[in-house]
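Here's the letter readout for the chains.
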Amino acid sequence: MRQGCADVNQIQLHGCLGELPALSHTNHGVEFFRFPLQVSRLSGALDQVNIMASRAVLEACGPLEPGQEATVVGELRTFNNRSGVGSRLVVSVLARELRAQEGQDENHLELSGTLCKPPSLRTTPLGRTICDMILAVNRKYGRADYLPCIAWGGLARRCGALEVGDGVRIEGRLQSRAYTKVDHGVSEVRTAYEVSVMKLEPVET
C-alpha cells in the first residue's frame, strides 16, 4: 500500500436527521457528535448513515432538529469495534461541511484506493452475479480506512478479475443493510454498511 499519500475520499449526502446529535467522543481536545441521517433511494428504501461532526461544524450549521433536512459533505471513516457489542466494522461519515437546507435526497461518493484482499465473486440464489471487495483508502500521515464494496452484474465480473494491490477509482453510494446475527442462540438485528459501486476504473498505484 502507498504510504504518506492521501487517496480520494469524498462523499456528499442529503437527507433527514433521524435523531439529535449526541456526544460521541473527544479526540485531542475536540468534541465529536454523532447522529443518523436518513437518505432515500430511488426505490423508496431508506439508508441510515452514521454522521460524525465536530462541535465547530455543528455550531457553524446552527440548531438541528429530528426530521430536519440537511446536506453533509465529508469523508468515509472506519474503525474496528472491539467491544463485542454491535457490528465489528463501524463505517461513518466525517462531516467537513454541514448545512441545514431543503433539497432532493442525495448519496454520491468518489473513492480511490488499493484492493487489499482478493475479491469474492459469486452468484446469488436468484442468479445475479455479485462481487465483494475491500478497498484501502489512504488518509494523510500514513493511516488508512478499509471500506467494504459491492458490485453487481458485468461490473461485478470486472471487479472479480482484480488482484490484491490493484489501484481503482470508484463512484457509487454508501448503503446500509440490516442482517440478523445469532450468537449463542440469541438473535440480534445489526446494520452493515457497504459502498455500492456504480463506476470503476483502474488507476496507477
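None of the values given here were measured: they were computed from a predicted structure. Here the residue index of a chain counts from 1 through its sequence in written order. Restriction of local features to residues with pLDDT of at least 70 applies here, the model being predicted, together with a cutoff of 80 or more for giving and counting side-chain atom pairs; totals for whole chains, interfaces and linings are based on all residues. Based on all heavy atoms of the structure, the side-chain values leave hydrogens and waters out of the count.

Draft legend 1. Molecular detail of the overall build of the protein. Each helix and strand in the protein was counted, giving two helices and twelve strands. Along the protein, helices (α) and strands (β) appear in the sequence β-β-β-β-α-β-β-β-β-β-β-α-β-β when read from the amino end. By the compact-globule yardstick of 17 Å for 205 residues, the protein fits well, its C-alpha radius of gyration being 17 Å. A principal-axis box enclosing the C-alpha atoms of the protein has dimensions of 50 × 45 × 40 Å. By the burial criterion, 42% of the 205 residues in the protein qualify as buried. For the accessible areas, the method is Shrake-Rupley and the probe is 1.4 Å, while residue cover comes only from the protein chains on display. Carbon and sulfur atoms make up 50% of the accessible area of the protein, which totals about 11400 Å². For the protein, the distance from the average site of its 23 positive side-chain charges to the average site of its 23 negative ones is 6 Å. Helix and strand labels come from DSSP, where a helix needs a run of H or I of at least four residues and a strand needs a run of E of at least two; each type is numbered from the N terminus. Restricting the calculation to C-alpha atoms gives the radius of gyration, and the globule rule supplies 2.2 Å times the number of residues raised to the power 0.38. Each residue is assigned to one of three classes by its accessible area relative to the maximum for its type, calculated with a 1.4 Å probe on protein chains only: buried under 20%, partly exposed between the two thresholds, exposed over 50%. Note that His is not counted, nor are the chain ends; the positive residues are Lys and Arg, and the negative ones are Asp and Glu. Lys charges are placed at NZ, Arg charges at CZ, Asp charges at CG and Glu charges at CD.

Draft legend 2. Structural context of the pattern of salt bridges. Note on definitions: salt bridges are taken to be side-chain nitrogens of Lys or Arg within 4 Å of carboxyl oxygens of Asp or Glu. A full pass over the atoms with the stated rule returns twelve salt bridges. In this structure, Glu31 engages Arg55 in a salt bridge whose closest nitrogen and oxygen atoms are separated by 2.5 Å. Highlighted residues: Glu31 in strand β3 (residues 30-40) and Arg55 in helix α1 (residues 55-61), separated in sequence by 24 residues. A relative accessible area of 37% places Arg55 in the partly exposed class. Across the pair Arg77 and Glu75 runs a salt bridge whose closest N-O atoms are separated by 2.6 Å. When its relative accessible area of 14% is taken as the criterion, Arg77 is described as buried. One network of salt bridges, with partners in common, ties together Glu75, Arg77, Arg96, Arg139 and Asp145.

Draft legend 3. Geometry of the pairing of strand β8 (residues 120-123). Examined bridge by bridge, β8 and strand β9 (residues 129-138) share four bridges and lie antiparallel to one another. Considered in β9, the bridge of Thr123 is made with Thr129. Where β8 folds back on β9, the antiparallel hairpin that results is connected by five residues, among which Gly127 adopts a positive phi of roughly 90 degrees. When DSSP finds two or more bridges between a pair of strands, those strands are recorded as paired.

Draft legend 4. Quick look at the pairing of strand β6 (residues 89-100). Relative to β6, strand β4 (residues 46-54) runs parallel, the two being bridged by two bridges. Following the sheet pairing, Ile51 is matched in β6 by Val93. Bridging between strand β5 (residues 69-80) and β6 involves eleven bridges; their strand directions are antiparallel. Bridging across to β6, Phe79 finds its partner in Val90.

Draft legend 5. Looking closely at unusual backbone geometry. Positive phi values are uncommon outside glycine, yet His28 reaches one of about 55 degrees. Note that His28 resides in the loop between β2 (22-27) and β3.

Draft legend 6. Summary view of the side chain of Asn107. Among the structural elements, Asn107 can be located in strand β7 (residues 106-115). Polar contact is the term for a pair of N or O atoms within 3.5 Å; when the atoms are in protein, one must be able to donate a hydrogen and the other to accept it, and sequence-neighboring residues count only if both atoms are side-chain atoms. From its side chain, Asn107 meets the backbone oxygen of Leu174 in a polar contact 2.7 Å long. Contact between two residues is taken to exist if any of their heavy atoms lie within 4.5 Å; hydrogens are not considered. Other than its neighbours up to four places away in sequence, Asn107 contacts Ile11, Gln12, Leu13, Val39, Asp47, Gly172, Arg173 and Leu174.

Interpretation in functional terms is not warranted from these geometric data alone.
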